[in-house]
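# Remarks on the overall topology
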Amino acid sequence: MRRPMIRSLLLTIAVIVVLWLIIATVLSSSLADNAYLRWAIRVAGVLATPVLTWLLFPSITTGILGFYAESIMAAVEHRHYPEQSPPPETRWGDQIRSLLTLMGLGILLNIAVLPLYLFFPGANWVLFILMNGYLFGRSFFDLVMLRRLDWKTTRRMWPQYRGAFFLMGALLAGLFSIPLANLLAPVIGTAAGVHLAESYRPRHRLDRNIGN
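Read on for a plain summary of the structure. (Residues numbered from 1 in each chain as written. Predicted model: local features only at pLDDT ≥ 70, side-chain atom pairs only at ≥ 80, totals over all residues. Heavy atoms only, no water.)

What follows deals with the overall build of the chain. A count of helical and extended segments in the chain gives eight helices and zero strands. Along the chain, helices (α) and strands (β) appear in the sequence α-α-α-α-α-α-α-α when read from the amino end. The 212 residues of the chain split such that 45% are buried. Sequence-distant contacts in the chain: of pairs separated by 6 or more residues, those separated by 24 or more amount to 79%. Only carbon and sulfur atoms are counted for the fraction: they give 70% of the accessible area of the chain, which is about 11500 Å². (Helix = DSSP H or I, 4+ residues; strand = E, 2+ residues; numbered from the N terminus. Buried < 20%, exposed > 50% of the residue type's maximum accessible area, 1.4 Å probe, protein only. Contact = heavy atoms within 4.5 Å. Areas by Shrake-Rupley, 256 points an atom, 1.4 Å probe, with all protein chains shown as cover.)

Shown next as structure tokens:
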């Protein structure tokens, strides 16, 4: 599990560095005519950039990990569910569609509520947990389910499982707010998603034939 975690972490850092460079370029080329206004924009950018990075880190690293999560899910199944049949060929189109959609939504939502994070201390943490709890829950649900099911079947099953996956996502959002623990949160979420999927197997027969 270390290899995908390290790769996703390095790619996340690279993406964040690029975002910082873009923000710095935009701020340095501010078109404001007033010197004081330009100065205020740059100061606001300096203050907001670390906060924005902290907010975007979970969505970015979770989305990137999705491309390396197969080995993590296979390791969990091999150790805890050895009787499990091999999954069908991965539907990369559905996986990439889900990952990019939810990662993009997470980034946009966190940017949209940035003023609330900055000006409402205390309440901002609750908002972070609730919003990202849904996003993480949905992301890991799709990640695990699309490994064995098709897109339409996964969409149909989401309303039945969203409570459990939202709770898991909220716990992961709490982990993401803790330094160092946030490095392990995506791996924990992937493994927990596999266990949740297996807990529903007796009721819904999530074998490799469903959805084909």
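That shown, we press on.
At a minimum axis separation of 6 Å, helix 6 (residues 123-145) and helix 7 (residues 151-176) run at an interaxial angle of 125°. Classified by the interaxial angle, the pair formed by helix 6 and helix 7 is oblique. The two elements helix 6 and helix 7 cross, and the hand of that crossing is right-handed. In terms of residue class, the contact of helix 6 with helix 7 is made up of 18 nonpolar, six polar and three charged. (Axes fitted to C-alpha atoms, helices over the stretch in contact; angles between N-to-C directions. Parallel < 35°, antiparallel > 145°, perpendicular 65-115°, else oblique. Left-handed = near helix turned anticlockwise from the far one by under 90°. Nonpolar A, V, L, I, M, F, W, Y, C, P; charged D, E, K, R; others polar.)

A full pass over the atoms with the stated rule returns five salt bridges. A salt bridge links R148 to E77, with the shortest nitrogen-to-oxygen separation between them at 3.1 Å. Pair noted here: R148 is in the loop between helix 6 and helix 7 and E77 is in helix 3 (residues 70-80), with a separation of 71 residues, a long-range link. For the pair R148 and E77, one class covers both residues: buried. One salt-bridge network, held together by shared partners, links E70, E77, R147 and R148. (Salt bridge = Lys/Arg side-chain N within 4 Å of Asp/Glu carboxyl O.)

This model, assessed by the stated rule, comprises five cavities of 30 Å³ or more. The volume enclosed by the second largest cavity comes to roughly 80 Å³. Lining the second largest cavity, in full, are P58, S59, T62, G63, L99, L102, M103, G106, L135, F136 and S139. Going through the elements one at a time, helix 2 (35-65), helix 4 (92-112) and helix 6 are the ones with two or more residues in the lining of the second largest cavity. (1 Å grid on protein atoms, 1.4 Å probe; cavity = no way out; pocket = protein on both sides within 12 Å on 5 of 7 lines; lining within 4 Å. Points joined across faces, edges and corners; volume = space filled by probe spheres on them.)

By convention here, two paired aromatic rings are described through the distance between centres and the angle between planes. Applying the stated criterion across every chain yields a total of five aromatic pairs. Grouping aromatic residues by their ring pairs yields a cluster made of Y134, F141, W158, Y161 and F165. Its end group placed over the ring of W151, R155 keeps NZ or CZ at 4.3 Å from the ring centre. (Phe/Tyr/Trp six-rings, centres within 6.5 Å; stacked < 30°, edge-to-face > 60°. Lys NZ or Arg CZ within 6 Å of the ring centre and 35° of its normal.)

A separate point is a nonpolar patch on the surface. A surface patch of nonpolar side chains, amounting to about 560 Å² of accessible area, comprises W54, W125, V126, L130, Y134 and F166. Of all the elements, helix 6 adds the most residues to the nonpolar patch, at four residues. Within the secondary structure, V126 is located in helix 6. (Patch = residues over 30% accessible without salt bridge, like charges linked within 9 Å, V, L, I, M, F, W, Y side chains within 5 Å.)

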